[in-house]
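Close look at the chain arrangement
Take a look at the letters that make up each chain.
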Amino acid sequence: MLESRAIYLVLDVPTPLKEQVQALRDTVCPRSARLPVEITLAGSSGLGPMPADTSLESIAQVVDALCAWHRPFDLRLGPVHRFAGTGIYYLPPWDRQPFDRLHQALAVSGLPWRTSAFTYEPHCTVRNGPPLGEVEHGLLMGAEAPASSARVESLSVYRLDRNSLACECLYRSTLSA
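About the cut-offs
Residues numbered from 1 in each chain as written. Predicted model: local features only at pLDDT ≥ 70, side-chain atom pairs only at ≥ 80, totals over all residues. Heavy atoms only, no water. 1 Å grid on protein atoms, 1.4 Å probe; cavity = no way out; pocket = protein on both sides within 12 Å on 5 of 7 lines; lining within 4 Å. Points joined across faces, edges and corners; volume = space filled by probe spheres on them. Helix = DSSP H or I, 4+ residues; strand = E, 2+ residues; numbered from the N terminus. Nonpolar A, V, L, I, M, F, W, Y, C, P; charged D, E, K, R; others polar. Buried < 20%, exposed > 50% of the residue type's maximum accessible area, 1.4 Å probe, protein only. Arc of directions from axis to C-beta. Salt bridge = Lys/Arg side-chain N within 4 Å of Asp/Glu carboxyl O. Pairing = 2+ DSSP bridges.

**Considering the layout of surface pockets**
The computed volume of the largest pocket comes to approximately 1,000 Å³. Elements that contribute at least two residues to the lining of the largest pocket include exactly β1 (5–12), α2 (30–33), β2 (38–42) and β9 (154–161). Broken down by class, the residue content of the lining of the largest pocket amounts to 15 nonpolar, 13 polar and five charged.

**Here we look at unusual backbone geometry**
Going from Thr 15 to Pro 16, the amide bond is cis rather than trans, its omega being 5 degrees. In this fold, Pro 16 is placed in the loop between β1 and α1 (17–28).

**A closer look at the environment of Ala 166**
Counting through the fold element by element, Ala 166 comes out in the loop between β9 and β10 (167–174). Separated by 55 residues in sequence, Ala 166 and Leu 111 place their C-alpha atoms 23 Å apart.

**Re helix α4 (residues 97–107)**
Buried residues of α4: Pro 98, Phe 99, Leu 102, His 103 and Leu 106, and no others. What you see down the axis of α4 is that its buried residues fit within an arc of 130 degrees, all on one side.

**Points about the pattern of salt bridges**
Under the definition given, this model contains five salt bridges. Several salt bridges share partner residues, and in doing so they unite Arg 96, Asp 100 and Glu 121 into one network.

**Structural notes on the pairing of β10**
Judged from the seven bridges that link them, β9 and β10 form a sheet pairing that is antiparallel. Each bridged residue has a counterpart across the sheet, and for Leu 160 the counterpart in β10 is Cys 167. Here β9 folds back onto β10 in antiparallel fashion, the turn holding five residues, of which Leu 165 has a positive phi close to 65 degrees.

Take a look at the structure:
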């Protein structure tokens, strides 16, 4: 059984994309709207989350080293997708390569990852909940993707309580290569 609290590493979705995703979340899922607008590198797929008691000092060292080797990059999000058989809807990045590179670097970092049942799929969650009916599903799948692009510059460490959805930013570093 999964712990209710765990640590996730994410890339922050910057303005103006952040506001566009938040507006979509606000209309379709108040539950998801409470969480930061981000693309998870470790915690939800591929690498599972870290235990909530993992040393922040060791995490910060790895995150800072990783950010020193990776430069900021442009992000553009694609149209709404859904993970098959779920009520999870998301916006994928048009170019997943920067996310895959960072995810792979984290995989060999020595940090204590939990296992995940899912392969890594970079995504920005729009809605997370029970499956939708056919009409609601069609409306959400037809939602317009954000038209803007933005420069991803920061990697954040969050502690999330899955039960309450309380999310606390523990650390943030800047991509700087």
